[in-house]
Amino acid sequence: MSRFGAALRELRGAQKSAKGVSLYSRYVNRPAGRYLAASCYVLGLTPNQVTLVSAAFSFAAVAAVALAAPSWGLGVAVWAALAVGFAFDSADGQLARLRGGGSAAGEWLDHVVDCAKLTALHTCVLIAFYRFPEAYGTGGAGWLLVPLGFQFAAIVTFFGGLLTEKLKPKPAPGSPAAAPSTLRAVALLPVDYGVFCLVFLLLGGAPFRWAYAGLGAVAGLFLLAFLAKWFRELSAVPR
């Protein structure tokens, strides 16, 4: 068997739990990341190098949102770059497990890139709304508040979820993993980053603002639900 095939087979048996993961991440992004991780393993790349490849795709798309004039072709290019960057974001962790485990520095780099990507993407949408109000129909100043609100919800959700995972007690070694819920996986689709990337296919005109604002409103509602859930879970953890 080729090195690629052997790596792919090993990765299939070393996947993280699907609990709390949306259908897109479970059936699209993780499998794509698995193939990329196997390819990167054959090429001899390190997980940190894969993280930087992910950052390169993501930030190229982010810059294009702010700098390029709106068009349907731009939307396809931005979506493709964001989706590929997201797949490489999954690949770096899978590659680390394939190589025997990652490092604290690698995890730090991964999270810093993720946070910077979220912050920059919503900032660049704000810039695009300001620079191209005719194309997006965002002439009113109120529209500039939408990316700020979306950014707030996205960053607090990211940080809150990350901190909750760090503060929650780890399950005992050998304890069975909780079965993933299909209903929960469907419910999480509106706040999955991969689904969010699809909105950028509409960068050609005014429909983008409505789709973006709609997902922003959903992100705000999910944030309230997540905060209540995380606080309740951590209230049972002794300090």
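Residues numbered from 1 in each chain as written. Predicted model: local features only at pLDDT ≥ 70, side-chain atom pairs only at ≥ 80, totals over all residues. Heavy atoms only, no water.

Participant: Can you help me understand the pattern of salt bridges in this one?
Facilitator: Counted by the stated rule, this structure contains four salt bridges. Across the salt bridge formed by Lys 168 and Glu 233, the nearest N and O atoms sit 3.7 Å from each other. Here Lys 168, found in the loop between helix H7 (145–167) and helix H8 (182–187), pairs with Glu 233, found in helix H10 (residues 207–235); they are 65 residues apart in sequence, far enough to count as distant. Its relative accessible area of 27% is what places Lys 168 among the partly exposed residues. By relative accessible area, which is 25% here, Glu 233 ends up partly exposed. (Salt bridge = Lys/Arg side-chain N within 4 Å of Asp/Glu carboxyl O. Helix = DSSP H or I, 4+ residues; strand = E, 2+ residues; numbered from the N terminus. Buried < 20%, exposed > 50% of the residue type's maximum accessible area, 1.4 Å probe, protein only.)

Participant: I'm lost on the nonpolar core in this one. Help?
Facilitator: Soluble, globular proteins show a tendency: their nonpolar side chains are buried together. Counting 33 residues, the largest nonpolar core has Val 65, Phe 200 and Phe 208 as the members making the most contacts within it. When contributions to this core are tallied by element, the ones reaching two or more residues are helix H3 (47–67), helix H4 (72–98), helix H5 (104–131), H7, helix H9 (193–198) and H10. Contact partners of Val 65, with chain neighbours within four places excluded, come to Val 78, Leu 121, Cys 124, Val 125, Ala 128, Phe 200 and Leu 203. Membership of the second largest hydrophobic core comes to 11 residues, among which are Ala 7, Leu 8, Phe 88 and Ala 91. (Core = buried A, V, L, I, M, F, W, Y, C linked by side-chain atoms within 4.5 Å. Contact = heavy atoms within 4.5 Å.)

Participant: What is the right way to read the side chain of Ser 54 from this model?
Facilitator: Take Ser 54: it is sitting in helix H3. Under the relative-accessibility criterion, Ser 54 is labelled buried at 3%. In this structure the side chain of Ser 54 is engaged in a polar contact, spanning 2.6 Å, whose partner is the backbone oxygen of Gly 85. The residues touching Ser 54, leaving out its near neighbours within four places in the chain, are Gly 85, Phe 88 and Asp 89. (Polar contact = N/O pair within 3.5 Å; in protein donor to acceptor, adjacent residues only side chain to side chain.)

Participant: For this particular structure, what's the right way to read the side chain of Ser 58?
Facilitator: In this structure, Ser 58 sits in helix H3. When its relative accessible area of 1% is taken as the criterion, Ser 58 is described as buried. Looking at Ser 58, its side chain comes within polar contact range of the main-chain oxygen of Ser 54, at 3.0 Å. Not counting residues within four places of it along the chain, the set of residues in contact with Ser 58 comprises Ala 81, Leu 82, Gly 85 and Lys 117.

Participant: Honestly, the state of the cysteines in this entry has me stumped. Any pointers?
Facilitator: Each disulfide consists of a covalent bond between the sulfur atoms of two cysteine residues. Within the structure shown, the criterion is met by zero disulfides. Distance from the sulfur of Cys 40, which forms no disulfide, to the nearest cysteine sulfur (Cys 197) is 19 Å. Taking relative accessible area as the criterion, Cys 197 reaches 0% and is therefore assigned buried. (Disulfide = S-S within 2.5 Å.)

Participant: What is the right way to read the packing of H5 against H10 from this model?
Facilitator: Between two packed helices, what matters for the description is the angle formed by their axes and the separation of those axes. Between H5 and H10, the least distance of the axes is 12 Å, while the angle of their chain directions is 145 degrees. The element H5 and its partner H10 pack so that their crossing is left-handed. Residues His 122, Val 125 and Phe 129 of H5 form the contact with H10, whose own contacting residues are Phe 208, Arg 209 and Tyr 212. Tallied by class, residues from the contact of H5 with H10 come to four nonpolar, one polar and one charged. (Axes fitted to C-alpha atoms, helices over the stretch in contact; angles between N-to-C directions. Left-handed = near helix turned anticlockwise from the far one by under 90°. Nonpolar A, V, L, I, M, F, W, Y, C, P; charged D, E, K, R; others polar.)

Participant: Could you clarify how one ought to interpret a nonpolar patch on the surface in this entry?
Facilitator: The grouping of Val 76, Leu 198 and Leu 201 at the surface amounts to a nonpolar patch, some 220 Å² of accessible area in total. Classification of Leu 198 by relative accessible area gives partly exposed; the value is 37%. (Patch = residues over 30% accessible without salt bridge, like charges linked within 9 Å, V, L, I, M, F, W, Y side chains within 5 Å. Areas by Shrake-Rupley, 256 points an atom, 1.4 Å probe, with all protein chains shown as cover.)

Participant: In this structure, what is going on with the environment of Asn 48? I would like to understand it.
Facilitator: Tracing the backbone shows Asn 48 in helix H3. Sequence-wise, Asn 48 and Ser 103 are 55 residues apart; in three dimensions their C-alpha atoms are separated by 9.5 Å. Excluding residues that lie within four positions of it along the chain, Asn 48 makes contacts with Gly 106 and Leu 109.

Participant: Looking at this structure, how should I read the confidence of the model for the protein?
Facilitator: Do not read the predicted coordinates in detail wherever pLDDT is low. Within the protein, residue pLDDT values average 91, and 93% of them lie at 70 or more. Helix H1 (residues 3–12) is the least confidently modelled element of the protein, averaging 82 in pLDDT, while H3 averages 97, the highest of any element. (pLDDT = per-residue confidence, 0-100.)

Participant: Mind showing me how you'd approach the packing of aromatic side chains here?
Facilitator: Between two aromatic rings, the relevant description is the distance of the centres plus the angle of the planes. Tallied over the full model, the rule gives 19 aromatic pairs. A centroid spacing of 6.0 Å and a plane angle of 85 degrees characterise the contact between Phe 129 and Tyr 212, whose relative ring orientation is edge-to-face. Pair noted here: Phe 129 is in helix H5 and Tyr 212 is in helix H10, with a separation of 83 residues, a long-range link. Residue Phe 129 is classed as buried on the basis of its relative accessible area, which comes to 1%. Since its relative accessible area comes to 0%, Tyr 212 is described here as buried. Plain terms: the ring middles of Phe 196 and Tyr 212 are 6.3 Å apart, the flat faces sit at 45 degrees to each other, and that makes the pair tilted. Of this pair, Phe 196 sits in helix H9 while Tyr 212 sits in helix H10; the two residues are 16 residues apart in sequence, bridging distant segments of the chain. Here a set of aromatic residues connected by ring pairs shows up, and it is made of Tyr 24, Phe 86, Phe 129, Tyr 136, Trp 143, Phe 150, Tyr 193, Phe 196, Phe 200, Phe 208, Trp 210 and Tyr 212. (Phe/Tyr/Trp six-rings, centres within 6.5 Å; stacked < 30°, edge-to-face > 60°.)

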